[in-house]
Amino acid sequence: RCNLQDIIRKTGTLIQFPAGTQVTGPRRSAVMITGAFYSVIEAKKLLMEQLPIFLMFDVKQDTAFVNDTRLLTQIMEKHSVYISIKPKPKQCCWTVVLKTKERNTPNLYLARNDLIGE
């Protein structure tokens, strides 16, 4: 597990996020990384790997895996993803949300394939 302070310590950089009230528009999501050139590159790489990534899709109401907690737990453990399933009663289907870190993106798609049987 790696957090912001670990990245700062590991790379010797300073990572700053502007206060929410100071920045508007496209620069609102700006991050400033200060340090030696290669340290900044490494800090950016490590920071990007920590970003959450989601994959959402809908499945029919009668889809078998929706109520199979054993299968869902196995897939979550196997691929290091979190799976959330919520009903959409008005549309007679379920929304499946898979979440992981950016560095684990390939496993996100493998987990999806395991769920839908591809």
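The coordinates are above.
Figured I'd write up the structure that's included with this text.

Thresholds applied
- Numbers given for residues are sequential positions, taken from 1 along each chain in its written order.
- Given that this is a predicted model, residues contribute local features only at a pLDDT of at least 70 and side-chain atom pairs are listed and counted only at 80 or more, while totals for whole chains, interfaces and linings are drawn from all residues.
- For the side-chain quantities, the full set of heavy atoms in the structure was used; hydrogens and water were omitted.
- For every element, the axis is a line fit to its C-alpha atoms; helices are fit only across the contacting stretch, and the angle between N-to-C directions ranges from 0 to 180 degrees.
- Comment: elements are numbered from the N terminus, with helices defined as DSSP H or I runs of at least four residues and strands as E runs of at least two.
- Roughly parallel refers to an angle under 35 degrees, roughly antiparallel to one over 145, roughly perpendicular to one between 65 and 115, and oblique to any angle outside these ranges.
- The crossing is said to be left-handed when, going from far helix to near helix, the turn is anticlockwise and less than a right angle, and right-handed when the turn is clockwise.
- Here, two residues are considered to be in contact whenever any of their heavy atoms come within 4.5 Å of each other.
- Classification convention: Asp, Glu, Lys, Arg as charged; Ala, Val, Leu, Ile, Met, Phe, Trp, Tyr, Cys, Pro as nonpolar; all other residues, Gly among them, as polar.
- Note on terminology: a nonpolar core comprises buried Ala, Val, Leu, Ile, Met, Phe, Trp, Tyr and Cys residues joined through side-chain atoms within 4.5 Å.
- Only protein chains enter the calculation, and the probe is 1.4 Å; a residue is then buried if its accessible area is under 20% of its type maximum, exposed if over 50%, and partly exposed in between.

**Here's the deal with the packing of helix α1 (residues 4-11) against helix α2 (residues 37-49)**
α2 packs onto α1 with a crossing angle of 155° between their chain directions and a minimal axis gap of 9 Å. In terms of axis orientation, α1 runs roughly antiparallel to α2. α1 and α2 meet at a crossing whose hand is right-handed. Facing α1, whose interface residues are Leu4, Ile7, Lys10 and Thr11, α2 presents Ser39, Glu42, Ala43, Leu46 and Leu47. Its residues assigned to classes, the contact of α1 with α2 comprises 5 nonpolar, 2 polar and 2 charged.

**As for the nonpolar core**
Counting 17 residues, the largest nonpolar core has Phe65, Ile83, Ile85, Val96, Leu98 and Leu115 as its most contacted members. If you tally residues by element for this core, the top one is strand β3 (residues 52-60), at 4 residues. Ile7, Ile8, Ala43 and Leu47 belong to the second largest nonpolar core, which has 8 residues in total.

**A look at unusual backbone geometry**
In this structure, serine 80 takes a positive phi of about 55° despite not being glycine. Within the secondary structure, serine 80 sits in the loop between α3 (69-79) and β4 (82-88). Not every positive phi belongs to a glycine, and cysteine 92 is a case in point at roughly 55°. Take cysteine 92: it is sitting in the loop between β4 and β5 (93-101).

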